[in-house]
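Now for the letters of each chain:
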Amino acid sequence: AFTSFMCPARFPTRGDVNMIFYNTAFAPSTVRVQAEFENIRFTSAAYSVICRFTKDGWYELRVNAGGSEAGSYKLLKYDAYMKEKGFNPYTTVHKGMDRYFSNDINLRVGGTNKLELICYNDSFRVFINDVEQIPSKNNNVFSDDIFTEGSVGFSGLSFNDFMTEFDITHFEAEVYEP
């Protein structure tokens, strides 16, 4: 099973916005999700690829392309139960680190970033612009075992009242076989 589409779509946003797009028809437990984003205009923005998306939560590789966290990435878990209880539903999968900075993230206007997230068993592999990002803590592995299957997708976020624009130029997901 494979899902892929060219998506030359521009997403203009203003204010605190989190747009999530997902495909419920494709929900493998072991998956490789990849998307390419182009930086158009922003002051504080991020975009991500998502795996194991369900009503209960999901995993998300988020790259910060602008703002105070520009040049960093996080591997996040969204937990709907935490939101229901009034807590921040996002927690990092990489305990002990809020974010990782990477020279592999392209921050220039007109530049592109290809994000890839591989979700298999309770482990995750993260690639930014075809370079694997190895965590410096947790035995060099990203791992979590709460969500085991679900849909795939991508998201875009803006964090202030200034105009944010980015393009998603490609998205694909496929069953991952190590």
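Calculation criteria
Each chain has its residues counted from 1, running along the sequence as written. Local features in this predicted model are restricted to residues whose pLDDT is 70 or higher, and side-chain atom pairs enter the listing and the counts only when it is 80 or higher, whereas totals over whole chains, interfaces and linings include all residues. Derived side-chain values reflect all non-hydrogen atoms in the structure, with water molecules and hydrogen atoms excluded from consideration. When a residue's accessible area, from a 1.4 Å probe over protein chains only, is under 20% of the maximum for its type it is buried; when over 50% it is exposed; and in between it is partly exposed. Runs of E in the DSSP output that reach at least two residues are strands. Runs of H or I that reach at least four are helices, and both are numbered from the N terminus. Paired strands, as defined in this entry, are two strands with at least two bridges between them according to DSSP. Classification of ring pairs rests on two measures: the distance between centres of Phe, Tyr or Trp rings, Trp counted by its six-membered ring, which must be within 6.5 Å, and the angle between planes, read as stacked under 30 degrees, edge-to-face over 60 and tilted in between. Here, residues are in contact when the closest pair of their heavy atoms is within 4.5 Å.

### Some thoughts on the pairing of strand 9 (residues 123-128)
Now for step 1: For strand 9, a buried count of five out of six residues is recorded, marking the element as mostly surrounded by other parts of the structure.
Now for step 2: Looking at chain direction, strand 8 (residues 112-120) and strand 9 are connected through six bridges and run antiparallel. Bridge pairing in strand 9 links Cys119 to Phe124.
Now for step 3: The antiparallel pairing of strand 8 with strand 9 creates a hairpin that spans two residues between the two strands, and Asn121 there sits at a positive phi of about 50°.
Now for step 4: Across two bridges, strand 9 lies against strand 11 (residues 142-143) in antiparallel orientation. Paired with Ser123 across the two strands is Ser143, which belongs to strand 11.
Now for step 5: Linking strand 9 back to strand 10 (residues 131-133) in an antiparallel pair, the connection comprises two residues, with Asn129 at a positive phi of about 50°.

### With respect to unusual backbone geometry
With the exception of glycine, most residues fall at negative phi, and the peptide bonds are largely trans.
Now for step 1: For Asn129, which is not glycine, the phi dihedral falls at a positive 50°.
Now for step 2: Despite not being glycine, Asp130 has its phi angle at roughly 70°, a positive value.
Now for step 3: Locating Asp130 in the fold gives a position in the loop between strand 9 and strand 10.

### A look at the packing of aromatic side chains
Now for step 1: This model, assessed by the stated rule, comprises 11 aromatic pairs.
Now for step 2: Ring geometry for Trp58 and Tyr78: centres 4.1 Å apart, planes at 5°, overall stacked. Of this pair, Trp58 sits in strand 4 (residues 57-64) while Tyr78 is found in strand 5 (residues 72-79), placing the two residues 20 residues apart along the sequence. We note that Trp58, like Tyr78, is buried.
Now for step 3: When the centroid spacing of 5.5 Å and the interplanar angle of 50° are considered together, the rings of Phe154 and Phe171 count as tilted.
Now for step 4: Take Phe154: its relative accessible area is 4%, and that puts it in the buried class.
Now for step 5: We classify Phe171 as buried; its relative accessible area is 2%.
Now for step 6: These aromatic residues form a ring-pair network of at least three members: Phe37, Tyr47, Phe154 and Phe171.

### As for the environment of Val131
Now for step 1: For Val131, the location among the structural elements is in strand 10.
Now for step 2: In the structure, Val131 is positioned 27 residues away from Asp104 in sequence and 7.2 Å away in space, judged by C-alpha atoms.
Now for step 3: Residues in contact with Val131, not counting those within four places in the same chain, are Asp104 and Val126.

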